[in-house]
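Each chain, written out:
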Amino acid sequence: MKKINIHIKITKSSTKEETQEEVDVLEKEVNQHQIVLHNDDVNTFDHVIDSLMDVCEHTLVQAEQCATLVHYKGKCTVKTGEFKDLEPRCSKLLQLGLSAELV
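What you are looking at is a predicted structure, and each value in this text was computed from that prediction instead of being measured. (Residues numbered from 1 in each chain as written. Predicted model: local features only at pLDDT ≥ 70, side-chain atom pairs only at ≥ 80, totals over all residues. Heavy atoms only, no water.)

> Can you walk me through the overall build of the protein chain in this structure?
In terms of helices and strands, the protein chain carries 4 helices and 3 strands. The N-to-C order of helical and strand elements in the protein chain reads α-β-α-α-β-α-β. Taken over 103 residues, the protein chain has a buried fraction of 24%. By sequence separation, contacts in the protein chain at least 24 residues apart represent 64% of the contacts at least 6 residues apart. Accessible surface, the protein chain: about 7600 Å² in total, of which carbon and sulfur atoms supply 51%. (Helix = DSSP H or I, 4+ residues; strand = E, 2+ residues; numbered from the N terminus. Buried < 20%, exposed > 50% of the residue type's maximum accessible area, 1.4 Å probe, protein only. Contact = heavy atoms within 4.5 Å. Areas by Shrake-Rupley, 256 points an atom, 1.4 Å probe, with all protein chains shown as cover.)

Below, the structure is given as structure tokens:
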């Protein structure tokens, strides 16, 4: 999990409700999960790209960029969101033979 520094600026005109709203938004952003795709020596670029378009709803350009990053960097975050949305997507990527994890 990545460390996030949170700074809240409170001005004289801020109300308690506005401050609480800012904190709620920051907490929601912190609780996001990620599907991380890892490089392997098995799957073709076309298969990875097609899988990302199908499972993660990427555009062709997004899927190509992620596939390239995975190839050269070893891994890439391919989807960020709530656990309940990402878990079935990660499972589907695994079923398709890709190496993925939910963090």
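Here the narrative resumes.
> Could you clarify how one ought to interpret unusual backbone geometry in this entry?
Apart from glycine, the bulk of residues carry a negative phi angle, and the bulk of peptide bonds sit in the trans form. Even without a glycine there, the phi angle at Glu57 is positive, about 60°. One can find Glu57 in the loop between α2 (45–55) and α3 (60–73).

> Would you mind showing me how to read the side chain of Ser51 here?
Among the structural elements, Ser51 can be located in helix α2. The class of Ser51 is buried, set by a relative accessible area of 3%. Once you skip the residues sitting within four places of it in the chain, Ser51 turns out to touch Cys56, Leu93, Leu96 and Leu98.

> Sorry, what's going on with the packing of α2 against α3 here?
Each pair of packed helices can be summarised by the angle the axes make with each other and by the distance between the axes. One way to put it is that α2 packs onto α3 with a least axis distance of 9 Å and a crossing angle of 130°. Taken together, α2 and α3 sit at an angle that is classed as oblique. In the crossing of α2 with α3, the sense of the turn from one axis to the other is right-handed. Of the residues in α3, those in contact with Phe45, Val48, Ile49, Leu52 and Met53 of α2 are Leu60, Ala63, Glu64, Cys66, Ala67, Thr68 and His71. (Axes fitted to C-alpha atoms, helices over the stretch in contact; angles between N-to-C directions. Parallel < 35°, antiparallel > 145°, perpendicular 65-115°, else oblique. Left-handed = near helix turned anticlockwise from the far one by under 90°.)

> Would you mind going over α2 with me for this structure?
For the α-helix, the turn length of 3.6 residues means that residues three or four positions removed from each other point alike. Listed as buried for α2 are Val48, Ile49, Ser51, Leu52 and Val55. Burial along α2 is one-sided: seen end-on, the buried residues are contained in an arc of 165°. Turned more than 90 degrees away from the buried face of α2, the exposed residues are Asp46 and Asp54. The inward-facing, buried residues of α2 abut β1 (33–38), α3, β2 (75–81) and α4 (83–95). Looking at the residues trailing α2, positive phi occurs at Glu57, about 60°. (Arc of directions from axis to C-beta.)

> Any chance you could explain the nonpolar core here in plain terms?
Where a protein is soluble and globular, its nonpolar side chains tend to be buried together. Judged by nonpolar contacts, the single largest core of 18 residues is most densely connected at Ile35, Leu37, Leu52, Val78 and Leu93. Looking at this core, the elements with two or more residues in it are β1, α2, α3, β2 and α4. When sequence neighbours within four positions are dropped, the list of residues in contact with Leu52 reads Leu37, Glu57, His58, Ala63, Cys66 and Val78. (Core = buried A, V, L, I, M, F, W, Y, C linked by side-chain atoms within 4.5 Å.)

> Would you mind going over the environment of Leu69 with me for this structure?
Looking at the element boundaries, Leu69 is found in helix α3. Expressed as a C-alpha distance, the spacing of Leu69 and Leu37, which sit 32 residues apart in the sequence, is 9.7 Å.

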